[in-house]
Amino acid sequence: MNQQTEPPAAEVRIRLPRGLVRELFTLRRDPLPKMSRPRWLAWLPHAVLGYVAIPCGVLTGMQLNDHYEVFGSAVLGLSLLTSASVVLSMFRPVAAWWLGLVTSGLVAWAIHGHVGPGQSWPWTPAGPFTLAPVLLMVALRVPPRVTASVIGITLALNGLADILLRPPRSQTIIGGVALLFAFVGILGYALRATRLTRGKLVEQETLTEEERARRTLLEERSRIARELHDVVAHHMSVISIQAQVAPHLVENPSEELKENLAGIRENALEALTELRRVLGVLRSERPDDPANPHHPQPTLGDLDGLVDNVRGAGLDVTTEIAGIRRPLTPGVELTAYRIVQEALSNALRHAPGSRVEVGIAYGPRDLHLCVANSAPTRSAPPSPGAGHGLLGMRERAGMLGGELAAGPRPDGGYEVSAVLPMDPQDLPAVPDSETKRAS
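Fair warning: this is a prediction, and the values are worked out from it, not measured in the lab.

**With respect to the overall build of the protein**
Helix and strand content of the protein: 12 helices and 5 strands. Long-range contacts, defined as pairs at least 24 residues apart, comprise 74% of the intrachain contacts of the protein with a sequence gap of at least 6. Accessible surface, the protein: about 26,700 Å² in total, of which carbon and sulfur atoms supply 60%.

**Considering the pairing of strand β5 (residues 414–421)**
Summarising the sheet, strand β3 (residues 366–373) and β5 pair through 8 bridges and their orientation is antiparallel. Bridging from a neighbouring strand, Asn-373 pairs with Tyr-414 of β5. The sheet contact formed by strand β4 (residues 403–408) and β5 spans 6 bridges and is antiparallel. When the sheet's bridge partners are listed, Gly-407 is paired in β5 with Glu-415.

**Some remarks on the nonpolar core**
Ranked by size, the top nonpolar core spans 31 residues in total, and within it Leu-344, Leu-367 and Leu-369 carry the most contacts. For this core, the secondary-structure elements that each account for two or more residues are α9 (303–312), α10 (330–350), β2 (355–362), β3, α11 (389–399) and β5. With 8 residues, the single largest contributor to this core is α10. Leu-20, Cys-56, Leu-135 and Val-142 belong to the second largest nonpolar core, which has 28 residues in total.

**With respect to a nonpolar patch on the surface**
The grouping of Leu-157, Leu-160, Ile-163, Leu-164 and Leu-165 at the surface amounts to a nonpolar patch, some 550 Å² of accessible area in total. With respect to the helices and strands, Leu-165 occurs in the loop between α6 (144–164) and α7 (174–245). Exposure remark for Leu-165: the relative accessible area of 49% places this residue in the partly exposed category.

**Focus on the packing of helix α2 (residues 44–66) against helix α3 (residues 73–88)**
Two elements in contact, α2 and α3, have axes whose closest approach is 8 Å; the angle formed by their N-to-C orientations is 155°. Classified by the angle between their axes, α2 and α3 sit roughly antiparallel to one another. The handedness of the crossing between α2 and α3 comes out as right-handed. Here Leu-49, Ala-53, Ile-54, Cys-56, Gly-57, Thr-60, Gly-61, Leu-64 and Asn-65 of α2 lie close against α3, whose contacting residues are Val-75, Leu-78, Ser-79, Thr-82, Ser-83, Val-86 and Val-87. Per-class residue counts for the contact of α2 with α3 are 9 nonpolar, 7 polar and no charged.

**Some points on the sheet that holds β5**
Taken in spatial order, the 5 strands of this open sheet run β1-β2-β3-β5-β4, and their pairing is mixed. Two strands lie at the open edges of the sheet, namely β1 (316–322) and β4, each paired on one side alone. Ignoring strand direction, the axes of neighbouring strands in this sheet form an average angle of 10°. Looking at chain direction, β2 and β3 are connected through 7 bridges and run antiparallel. Bridge assignment links Val-358 to a residue of β3, and that residue is Val-371. Contacting β1 and β2, α9 crosses the sheet at an angle of about 160° to β1. Contacts between α10 and the sheet are confined to β1, β2, β3, β4 and β5, with β3 contributing the most and set at about 10° to the helix.

**Things to note about the packing of aromatic side chains**
This model, assessed by the stated rule, comprises 3 aromatic pairs. Ring plane angle 50° and centroid distance 4.4 Å describe the contact between Trp-97 and Trp-98, whose orientation is recorded as tilted. Residue classification places Trp-98 among the partly exposed positions, given a relative accessible area of 27%. What links up through ring pairs into an aromatic cluster is the set Phe-25, Trp-97 and Trp-98.

**Observations regarding the packing of α10 against α11**
Relative orientation of the contacting elements α10 and α11 amounts to 165°, with a least axis distance of 10 Å. Relative to α11, α10 is oriented roughly antiparallel. Of the two elements, α10 crosses α11, and the hand of that crossing is left-handed. Listed contacts from α11 to Thr-335, Arg-338, Ile-339, Glu-342, Ala-343 and Asn-346 of α10 are Gly-389, Met-393, Arg-396, Ala-397 and Met-399. A class-by-class count of the residues in the contact of α10 with α11 yields 5 nonpolar, 3 polar and 3 charged.

**With respect to helix α4 (residues 93–111)**
Spanning 19 residues, α4 covers 27 Å between terminal C-alpha atoms, matching the ideal 27 Å at 1.5 Å per step. Regarding α4, the residues found buried are Pro-93, Val-94, Ala-95, Ala-96, Trp-97, Gly-100, Leu-101, Thr-103, Ser-104, Val-107, Ala-108 and Ile-111. Tucked into the core, α4 has its buried residues touching α1 (18–24), α2, α3, α5 (127–141) and α6.

**Examining the pairing of β2**
Side chains of β2 alternate between two faces, with Val-356, Val-358, Ile-360 and Tyr-362 buried and Arg-355, Glu-357, Gly-359 and Ala-361 left unburied. Of the pairings in the sheet, the one linking β1 to β2 comprises 7 bridges and is parallel in character. When the bridges of β2 are listed, Glu-320 appears paired with Gly-359. For the crossover from β1 across α10 to β2, the handedness is left-handed.

**Quick look at the environment of Ala-178**
Secondary-structure assignment places Ala-178 in helix α7. On the basis of relative accessible area, Ala-178 is assigned to the partly exposed category, the value being 26%.

**What about α5?**
Bending of α5 peaks at approximately 25° at the position of Pro-133. Within α5, 13 of the 15 residues are buried, which leaves the element mostly enclosed by the surrounding structure.

**A closer look at the environment of Pro-33**
By the element assignment, Pro-33 lies in the loop between α1 and α2. Its relative accessible area of 34% is what places Pro-33 among the partly exposed residues. C-alpha separation for the pair Pro-33 and Arg-195, spaced 162 residues apart in sequence, amounts to 9.9 Å. Excluding residues that lie within four positions of it along the chain, Pro-33 makes contacts with His-46, Arg-141 and Arg-195.

Rules and cut-offs
Residues numbered from 1 in each chain as written. Predicted model: local features only at pLDDT ≥ 70, side-chain atom pairs only at ≥ 80, totals over all residues. Heavy atoms only, no water. Helix = DSSP H or I, 4+ residues; strand = E, 2+ residues; numbered from the N terminus. Contact = heavy atoms within 4.5 Å. Areas by Shrake-Rupley, 256 points an atom, 1.4 Å probe, with all protein chains shown as cover. Pairing = 2+ DSSP bridges. Core = buried A, V, L, I, M, F, W, Y, C linked by side-chain atoms within 4.5 Å. Buried < 20%, exposed > 50% of the residue type's maximum accessible area, 1.4 Å probe, protein only. Patch = residues over 30% accessible without salt bridge, like charges linked within 9 Å, V, L, I, M, F, W, Y side chains within 5 Å. Salt bridge = Lys/Arg side-chain N within 4 Å of Asp/Glu carboxyl O. Axes fitted to C-alpha atoms, helices over the stretch in contact; angles between N-to-C directions. Parallel < 35°, antiparallel > 145°, perpendicular 65-115°, else oblique. Left-handed = near helix turned anticlockwise from the far one by under 90°. Nonpolar A, V, L, I, M, F, W, Y, C, P; charged D, E, K, R; others polar. Phe/Tyr/Trp six-rings, centres within 6.5 Å; stacked < 30°, edge-to-face > 60°. Expected span 1.5 Å × (residues − 1). Right-handed = clockwise from strand over helix to strand, strands pointing away. Bend = angle between axes of the 7 residues up to and from the residue.

Okay, structure coming up:
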């Protein structure tokens, strides 16, 4: 039997995760994020950190002079390096930590021969506090494992220096340093987690709002399809009946005429069957929808009844019709009625007590609609709607090649206006990207 042997001790290697090594030795730029609210305080964290950098450098120089009696240009250089590490942490936190760690080592080397009885080493009394802001900036912007590694390396080097190089009669403060750095790391981790959670929440709210808008748009398109199904099905039925009756209205019709009319009727019936098979399933999803085969689709001729219902709900509505009133194609009639209906519903929901004016103008080629309300006289109750009624109105107008605009008025009211072609023809096809996004 083959026995697996343990590798020699000399061949055993400690392997660190490559990602962690890259994070510890990176010089990547990672700017400190600005405050989102209030906007005029966006740069407050940067100003505070820049202000903190000054006393950190001053404290380093003062303690080198007063406590350890170290003088010369080295003191100025170490003070500047201490302040520079704090400032650098705003842009490159890991690089700033390395600079702060090297500066701390240089400070320990400078005071090594000047340490008296009871004085701390390798840190000056203020040394841990000058490195703490740098560690906080690291913890705010790197993953927790990198923060733990940074603090662990700092404390490990502190321990090795205490064991191997500590001057006689000096005092170690590694316990207090460990507590301070651990607190800073936990604080930075908590603040970072809060910031990331808030960012994910905002992102999720944005996605939810977009999904709600898409769902509302698809529901409105489904409703339009159900309503148009009724209109098209009605006309196809009429074509079929006329083709069946036509031979009886002609004396001695030829066989060719009978065959053509029979073909027309057969094609109409086949088209009607396919239409009901494809679009009829949309109706089965919402059997209680007003767009029901047993209920005719509304037109502008039913506008008076709609206005009376809104008046009964407590809204002051006036109507004005300009131009020669004439029948339009079923699609235009239905679209115009639905736009006015939705605009009145929005006024009733969001502007209670207001005065509403409904204007309809029949032009040579276009139908103009305008529904405008004044400012509400009392506060509106909370609305259970999705808040995307305008999407449906724009979808209906765009389906016919028309335009719709909506927005507030200078007097505090709101206005919805639309222009619909009288005879919509040669409409542009829906782009593939739009179709894919909607599906």
